Amino acid sequence: MDAQTLYDGILAGNRRAVARGLTWIDEGGVRGKDLAHRLFAHAGKARVIGITGAPGVGKSTLVNALAINLRRRQNTVGILAVDPSSPFSGGAILGDRIRMQESVDDQGVYMRSLASRGHVGGLSRAAFGAITLLDAAGFGTILVETVGAGQAEVEIMRYAQTVMVVLAPGLGDDIQAIKAGILEIGNVFIVNKSDREGADMTVRSLRGLLSLTPESGEWSPPIIKTEADRSVGIDRVVDSIEQHQSYLRQHNLLNDLRYRQAENVLEQSLDDVRKEVEMLSRRESLWKDTVEEILRGKDPSLYARKLFANWLNATPRGE
Amino acid sequence: MIRVLVAKPGLDGHDRGAKVIARALRDAGMEVIYTGLHQTPDQIVEAALSEDVDVLAISILSGAHPTLVPRITALLHENGANDILVLLGGIIPDEDVSLMFDAGVHQVFGPGTDTKDIVDYIKEHVKER
């Protein structure tokens, strides 16, 4: 598939084009980046919901239940689920689909497994491009499931409008473990597996900790008990997503997020420019000569500018 | 990055072999999507297309391969997914192997296969795209 066919197919919502486009974006090369940057102008319509929490709390099962509920409410649903890559081989076993079988049997749901590929932060490097693609393809709601997250995996808040933090009772001192990090990014808190002993205790300590975090505007995050495998409490979760979304709209916060995302696209492009400058310079003797000059005590930032100027001359790009 | 769907179609309830393969492929640096037991041919093909895999590795120990495998390959063909490498493992009697090749399976790996041979086969035959 060539880039234009792919682009047109994605905008038309063609599933094969969506799948192949995600492969391009996931591989992290130039063609994927170009695609994601072109699609950005068509994105910004979807509701992007993040689902994060420690391993084993039931994130995938919850996503499955949410997708079914959202379908009942006439939403089309795109799902991105990130699992960790092996730090040794770079490979991964992606098993989130096992628990999402019921929802992915529906043609109104598209689900894709992503490997983190060494990226820290709970997502994959391609996550934002992948969200942009599903958004541009017309999915009304996009559910993004992070890797099993602890304290530092807060990247989801950069891309999702509504972040749900999932906990489960009986996982030891779980609240203690997350209080510093992801507790502060949650817009909705879910205590899943709430038929288990200790659920009320988890809700109480969560409420206690939330009362200590600084107030962020007028939204106070609800705490909802669920049993995702039996769809108990799911209606309330989807209601609270909708309430949070209308809160964001009323306070004009969706525009802020979109602005930050555009900033993010710009940052990524700048990073790419830097890499291209280096690659081009390394291909030429310019790189070696420059290193020699710096060894002789010349100003490195002056020579960085020279490398940039050389790149600028070598790559005339259409306006 | 090579992406592989490891699939267990039909009523066969044994996935130890499939899991061994999944781990071996991961350890060889591949991304392996495992969808669990009791998958229908439609579910398997839908997963293969959505996940845009390079390889579909089917494991069947129940003897149902003469019905299940041609159904899967026909669905792949219908959807224009002829670039997916289709591998079959499990208990496939010798006299059925040519039938499986006719159905569009690229290679059959029986019990006792060294996982390294499967890794090598995939690396050699997967198509650039």
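Every value quoted in this text rests on a predicted model; they were computed, and no experiment measured them.

### Overview of helix 1 (residues 16-27) of chain B
Now for step 1: Here helix 1 of chain B spans 17 Å end to end across twelve residues, near enough to the 16 Å set by a 1.5 Å rise per residue.
Now for step 2: Among the residues of helix 1 of chain B, A18(B), A22(B), A24(B) and L25(B) are the ones counted as buried. Projected down its long axis, helix 1 of chain B carries its buried residues within an arc of 165°, all on one side.
Now for step 3: Buried residues along helix 1 of chain B sit against strand 3 (92-94) of chain A together with strand 1 (3-7), strand 2 (31-34), strand 3 (55-60) and helix 5 (115-125) of chain B.
Now for step 4: Directly beyond the C-terminal end of helix 1 of chain B, a positive phi value near 90° is found at G29(B).

### Some words on helix 4 (residues 94-102) of chain B
Residue and element names in this part refer to chain B.
Now for step 1: Where helix 4 is concerned, the buried positions are D96, V97 and M100. Projected onto a plane normal to the axis of helix 4, the buried residues spread over an arc of 120° and lie on a single side. Summarising the geometry of helix 4, the exposed residues directed more than 90 degrees from the buried face are E95 and D102.
Now for step 2: For helix 4, the elements touching its buried residues are helix 3 (65-78), strand 4 (85-90) and strand 5 (107-109).

### Here's the deal with the interface of chain A and chain B
Now for step 1: Taken together, the contact between chain A and chain B spans 27 residues of the former and 27 residues of the latter.
Now for step 2: Note on chain A versus chain B: buried area summed over both sides is about 2200 Å², and carbon and sulfur give 44% of it.
Now for step 3: Its largest share of buried area at the contact with chain B, chain A owes to R16(A), I93(A) and R97(A), together 27% of the area lost on that side.
Now for step 4: The partner of R20(A) in a salt bridge is D52(B), with the nearest N and O atoms 2.8 Å apart.
Now for step 5: Run the count over chain A and chain B and you get 18 residue pairs in polar contact (both at pLDDT 80 or more).

### Some remarks on the nonpolar core
Residues and elements named next belong to chain A.
Now for step 1: Counting residues in each nonpolar core, the largest one holds 50 residues, and the members touching the most others are I10, L35, L133, L134, F189 and L206.
Now for step 2: Ranked by residue count, the leading element in this core is helix 6 (residues 127-136), at seven residues.
Now for step 3: Leave out the neighbours within four places in its chain, and F189 touches V165, L167, L183, L206, L210, P221, P222, I223 and I224.
Now for step 4: V166, W219, A228 and Y247 belong to the second-largest nonpolar core, a separate cluster that totals 31 residues.

### Overview of the sheet that holds strand 1 of chain B
Now for step 1: Pairing is parallel in the open sheet, where six strands are placed in the order 3(A)-2(B)-1(B)-3(B)-4(B)-5(B). This sheet does not close on itself; its edge strands, each paired only once, are strand 3 of chain A together with strand 5 of chain B. Across the sheet, the mean angle from the axis of one strand to that of its neighbour is 25°, orientation sign disregarded.
Now for step 2: Bridge count between strand 1 of chain B and strand 3 of chain B: four bridges; the pairing is parallel. If you follow V6(B) over to strand 3 of chain B, its bridge partner there is A57(B).

### Re the pairing of strand 2 (residues 77-83) of chain A
As a general feature of sheets, a regular strand has side chains that alternate between the two faces.
Residues and elements named next belong to chain A.
Now for step 1: Within strand 2, seven of the seven residues are buried, which leaves it mostly tucked inside the rest of the structure.
Now for step 2: Burial of strand 2 is two-sided: the residues V77, I79, A81 and D83 facing one way and the residues G78, L80 and V82 facing the other way are all buried.
Now for step 3: Relative to strand 4 (residues 109-115), strand 2 runs parallel, the two sharing seven bridges. Following the sheet pairing, V82 is matched in strand 4 by L114.
Now for step 4: Bridge count for strand 2 against strand 5 (residues 141-145) is five bridges, and the pairing is parallel. Directly across from L80, in strand 5, lies its bridge partner V144.

What counts, and at which threshold
Residues numbered from 1 in each chain as written. Chains lettered and ligands numbered in written order. Predicted model: local features only at pLDDT ≥ 70, side-chain atom pairs only at ≥ 80, totals over all residues. Heavy atoms only, no water. Helix = DSSP H or I, 4+ residues; strand = E, 2+ residues; numbered from the N terminus. Expected span 1.5 Å × (residues − 1). Buried < 20%, exposed > 50% of the residue type's maximum accessible area, 1.4 Å probe, protein only. Arc of directions from axis to C-beta. Contact = heavy atoms within 4.5 Å. Buried area = accessible area lost by both parts, 1.4 Å probe. Salt bridge = Lys/Arg side-chain N within 4 Å of Asp/Glu carboxyl O. Polar contact = N/O pair within 3.5 Å; in protein donor to acceptor, adjacent residues only side chain to side chain. Core = buried A, V, L, I, M, F, W, Y, C linked by side-chain atoms within 4.5 Å. Pairing = 2+ DSSP bridges. Axes fitted to C-alpha atoms, helices over the stretch in contact; angles between N-to-C directions.

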